[in-house]
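# Close look at the chain arrangement
Now for the letters of each chain:
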Amino acid sequence: MREFHFGRTKLNSTPTLLTIESTSRCNLRCVMCPHAIGAVDRPKHFDEQLVKRLTNFLLRSDAVQLHGIGEPLNSPSFWKLLKSVPSPSVCESSINTNLTVLDDHRLDGLLKSNLKILNVSLDAATSSTYRKIRGFDFEVVVRNIERVIAAKRQKGTIFPLVCINMTMMRTNIEEATDLVVLAANLGADQVALWHLNRWEKDQMALYLVHREGWVFDYEKEGLWNYPELSNTCIRSAEQEALRLGIKWCDDPNKSLYLSEASGVDDGNG
């Protein structure tokens, strides 16, 4: 900011937070994602030719995110970028993954890296709800989580920390506490819950997804429509996390609790 203030055009400083979308391609079509409605324009992997140009920035960053709208474990550039991530003792590096494509080679690459947080988007505690939202096999992902945790234990390493997350909506909110129990039983390090984004009505109206006899309506699924239910389920999940000794995380960019009195959000969601 000091260099900006003085109008410098050649900078000596580098970003402390670096977010690189390693790919915008994804193998899933989750109902709340732009992929579900064909709204991702020309999905592609990050240009491998640019990786070397970012190495200096990666090495000096306090926080690194190597994900975006796609599945990073499928991206060749992700694996190249990962090699330059600083130690987890000095850098908060993370990815969001659906963890559907884990194999021995990818697992080995993750465990040999400096990745600090492996954030697994699960969004459900049952096979049927997972199939509705993510259109994939729940058991495959659960087994992959078990593989990561077992491999960490065998290697005697702390990182990457395994975080299991849920994007909360009407269809899955009543499974929030069960998700915490599942995460604890699997041996995960953290659990995270956050709400759908409350967009403008015309934008939410685009997300009307039909899947196996079920219809996902973004606006109707938003928990701003069910504040008391949301609060009850979230508080129950948080208490269960405390009881089980698993770290509880929530989205710092929006309020987790809704106003029970008014039936609408508190302006921060």
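Computed from a predicted model, the values in this text were never measured in an experiment. (Residues numbered from 1 in each chain as written. Predicted model: local features only at pLDDT ≥ 70, side-chain atom pairs only at ≥ 80, totals over all residues. Heavy atoms only, no water.)

Attention shifts here to the overall build of the chain. Looking only at helices and strands, the chain features ten helices and nine strands. The C-alpha atoms of the chain give 19 Å as radius of gyration, which agrees with the globular expectation for 269 residues (18 Å, within 12%). If you line up the chain on its principal axes, its C-alpha atoms span 50 × 50 × 35 Å. The buried share among the 269 residues of the chain stands at 48%. The positive charge centre, built from 32 side chains, and the negative charge centre, built from 33, are 9 Å apart in the chain. (Helix = DSSP H or I, 4+ residues; strand = E, 2+ residues; numbered from the N terminus. Rg over C-alpha atoms; globule rule 2.2 N^0.38 Å. Buried < 20%, exposed > 50% of the residue type's maximum accessible area, 1.4 Å probe, protein only. Lys, Arg positive; Asp, Glu negative; His and termini not counted. Charge placed at Lys NZ, Arg CZ, Asp CG, Glu CD.)

Turning next to the pairing of strand 5 (residues 161-168). Counted residue by residue, strand 5 has eight buried out of eight residues, so it is predominantly covered. Burial along strand 5 is two-sided: the residues L161, C163, N165 and T167 and V162, I164, M166 and M168 are all buried. Pairing of strand 5 with strand 6 (residues 190-195) involves six bridges; the strand directions are parallel. When the bridges of strand 6 are listed, C163 appears paired with Q190. (Pairing = 2+ DSSP bridges.)

Before going further, it helps to examine the packing of aromatic side chains. Overall, the coordinates contain seven aromatic pairs when judged by the stated rule. Ring geometry for W199 versus Y218: centroids 4.8 Å apart, planes at 20°, classification stacked. Of this pair, W199 sits in the loop between strand 6 and helix 8 (201-204) while Y218 sits in helix 9 (residues 218-221); the two residues are 19 residues apart in sequence, bridging distant segments of the chain. On the accessibility criterion, Y218 (1% relative accessible area) is buried. Here Y207 and Y218 contribute two aromatic rings whose centre-to-centre distance is 5.3 Å and whose plane-to-plane angle is 55°, an arrangement assigned as tilted. Here the residue Y207 occupies a position in the loop between helix 8 and strand 7 (208-211), and Y218 occupies one in helix 9, the gap between them amounting to eleven residues. When its relative accessible area of 5% is taken as the criterion, Y207 is described as buried. Through a chain of ring-to-ring contacts, three or more aromatic side chains come together here, namely W199, Y207, W214, F216 and Y218. The lysine or arginine in question, R170, covers the ring of Y226, its NZ or CZ lying 5.5 Å from the ring centre. (Phe/Tyr/Trp six-rings, centres within 6.5 Å; stacked < 30°, edge-to-face > 60°. Lys NZ or Arg CZ within 6 Å of the ring centre and 35° of its normal.)

On to the pairing of strand 6, then. Consecutive residues of a regular strand have side chains that alternate between opposite faces of the sheet. With six of six residues buried, strand 6 is to be regarded as a mostly interior element. Neither face of strand 6 is open: one carries Q190, A192 and W194, the other V191, L193 and H195, and all of them are buried. As a crossover connection, the stretch from strand 5 through helix 7 (residues 176-186) into strand 6 is right-handed. Strand direction decides the pairing type here: strand 6 and strand 9 (residues 247-250), joined by four bridges, are parallel. Bridge assignment links L193 to a residue of strand 9, and that residue is D250. (Right-handed = clockwise from strand over helix to strand, strands pointing away.)

Another aspect to go through is helix 2 (residues 51-59). Those residues of helix 2 that sit buried are V51, L54 and L58. One face of helix 2 carries all of its buried residues, which in axial projection span an arc of 65°. Along helix 2, the residues that are exposed and aim more than 90 degrees away from the buried face are K52, R53 and L59. Structurally, helix 2 contributes buried residues whose contacts are with strand 1 (17-19), strand 2 (63-65) and helix 3 (76-82). (Arc of directions from axis to C-beta. Contact = heavy atoms within 4.5 Å.)

Inspection of helix 7 places A176, T177, L179, V180, L182, A183 and L186 among the buried residues, and these make up the whole buried set. Those residues of helix 7 hidden inside the fold are in contact with helix 6 (138-155), strand 5, strand 6, helix 10 (227-244) and strand 9. Looking one or two residues beyond helix 7, the residue adopting positive phi is G187, at roughly 90°.

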